[in-house]
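Listed below, chain by chain, are the residues.
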Amino acid sequence: QVQLVESGGGLVQAGGSLRLSCAASWSIFSSLAMGWFRQAPGTQREFVVGIRRSGGSTYYADAVKGRFTISRDNAKNTVYLQMNSLKPEDTAVYSCAATRRIRLPWAVEETDYWGQGTQVTVSS
């Protein structure tokens, strides 16, 4: 069974940092684009950041450019999201996502696999 297991969420003060990890349970990890969506209460899920299969191309939503960094280790079947200079508006449930699509970003309905989600809360 395909699984994406996330870790690293939590509560942090504004200006602080968190690192999210997403470990995949299968060897096809390197054939999938990986990314993170987030959803705040009362809002739609939005694409935040993505990385292509080889790791050579990334995409960042304007709201997180210069603050978030995505990376992947295909040998460990793991993708990471380093979040710096966090703001209260970054508060959301962050979900790891994987797709067979090539292009970045991709839509919610184009996601093939989802993690369970992890809460990130940034206090002011």
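Summary of the structure given here. (Residues numbered from 1 in each chain as written. Predicted model: local features only at pLDDT ≥ 70, side-chain atom pairs only at ≥ 80, totals over all residues. Heavy atoms only, no water.)

1. Side note on the pattern of salt bridges
Here the idea is simple: oppositely charged side chains can pair when their charged atoms come close. The criterion, for reference: Counted as salt bridges are all cases of a side-chain nitrogen of Lys or Arg within 4 Å of a carboxyl oxygen of Asp or Glu. Where helices and strands are cited, they refer to DSSP runs of H or I of at least four residues and of E of at least two residues respectively, numbered from the N terminus. Each residue is placed in one exposure class: buried if its accessible area under a 1.4 Å probe, protein chains only, is under 20% of its type's maximum, exposed if it is over 50%, and partly exposed if it falls in between.
Scanning all chains against the criterion turns up seven salt bridges. Across the salt bridge formed by Arg67 and Asp90, the nearest N and O atoms sit 2.7 Å from each other. Of this pair, Arg67 sits in the loop between β6 (58-60) and β7 (68-73) while Asp90 is found in the loop between β8 (78-83) and β9 (92-99), placing the two residues 23 residues apart along the sequence. For the residue pair Arg67 and Asp90, the accessibility class agrees, reading buried in each case. A salt bridge links Arg100 to Asp112; the nearest nitrogen and oxygen atoms lie 3.8 Å apart. Placement of the pair is Arg100 in the loop between β9 and β10 (113-114) and Asp112 in the loop between β9 and β10, with a sequence separation of twelve residues.

2. Observations regarding the state of the cysteines
Heads up, the condition is: Any cysteine sulfur atom paired with another within 2.5 Å is treated as part of a disulfide.
With the rule as written, the count across this model stands at one disulfide. Here Cys22 is linked by a disulfide to Cys96, with a sulfur-sulfur distance of 2.1 Å. Judged by the sign of its S-S torsion, about -85 degrees, the cystine formed by Cys22 and Cys96 is left-handed. Taken together, the positions of Cys22 in strand β3 (residues 18-24) and Cys96 in strand β9 put the pair 74 residues apart, joining distant regions of the chain.

3. Quick look at the nonpolar core
What counts, and what does not: In plain words, nonpolar cores are sets of buried Ala, Val, Leu, Ile, Met, Phe, Trp, Tyr and Cys residues tied together by side-chain atoms within 4.5 Å.
Judged by nonpolar contacts, the single largest core of 30 residues is most densely connected at Met34 and Trp36. For this core, the secondary-structure elements that each account for two or more residues are β3, β4 (33-39), β5 (46-51), β7, β8, β9 and β11 (118-123). Counting residues in hydrophobic clusters, the runner-up holds six residues, among them Ala33, Phe37, Ala97 and Trp106.

4. So, the packing of aromatic side chains
To keep things clear, this is the line we draw: Centre distance within 6.5 Å is the pairing criterion for rings of Phe, Tyr and Trp, where only the six-membered ring of Trp is used; planes under 30 degrees apart are then read as stacked, over 60 as edge-to-face, and the remainder as tilted. Any Lys NZ or Arg CZ found within 6 Å of a ring centre and within 35 degrees of that ring's normal is scored as a charge over the ring.
For the structure shown, the criterion picks out seven aromatic pairs. Aromatic pair Phe37 and Phe47: ring centres 5.0 Å apart, planes at 85 degrees, arrangement edge-to-face. Taken as a pair, Phe37 in strand β4 and Phe47 in strand β5 lie far apart in primary sequence, ten residues in all. Taken individually, Phe37 and Phe47 each receive the classification buried, so the pair is uniform in this respect. In textbook terms, an aromatic cluster arises when at least three aromatic residues are bridged by ring pairs, as seen for Phe37, Phe47, Tyr59, Trp106 and Trp114. Positioned above the aromatic ring of Tyr80, the side-chain terminus of Arg19 is 4.2 Å from the ring centre. The ring of Phe29 carries Arg72 above its face, with NZ or CZ at 4.5 Å from the centroid.

5. Quick word on the pairing of β11
Rule in force here: At least two DSSP bridges between two strands are needed for those strands to be called paired.
On β11, burial follows the alternation: Thr118, Val120 and Val122 on one face are buried, whereas Gln119, Thr121 and Ser123 on the facing-out side are not. Across four bridges, the pairing between strand β2 (residues 10-13) and β11 is parallel. When the sheet's bridge partners are listed, Val12 is paired in β11 with Val122. Pairing analysis gives three bridges linking β9 to β11, with the strands arranged antiparallel. Looking across to β11, one finds that Ala92 is bridged to Val120.

Treat this as a map of the structure, not an account of what it does.
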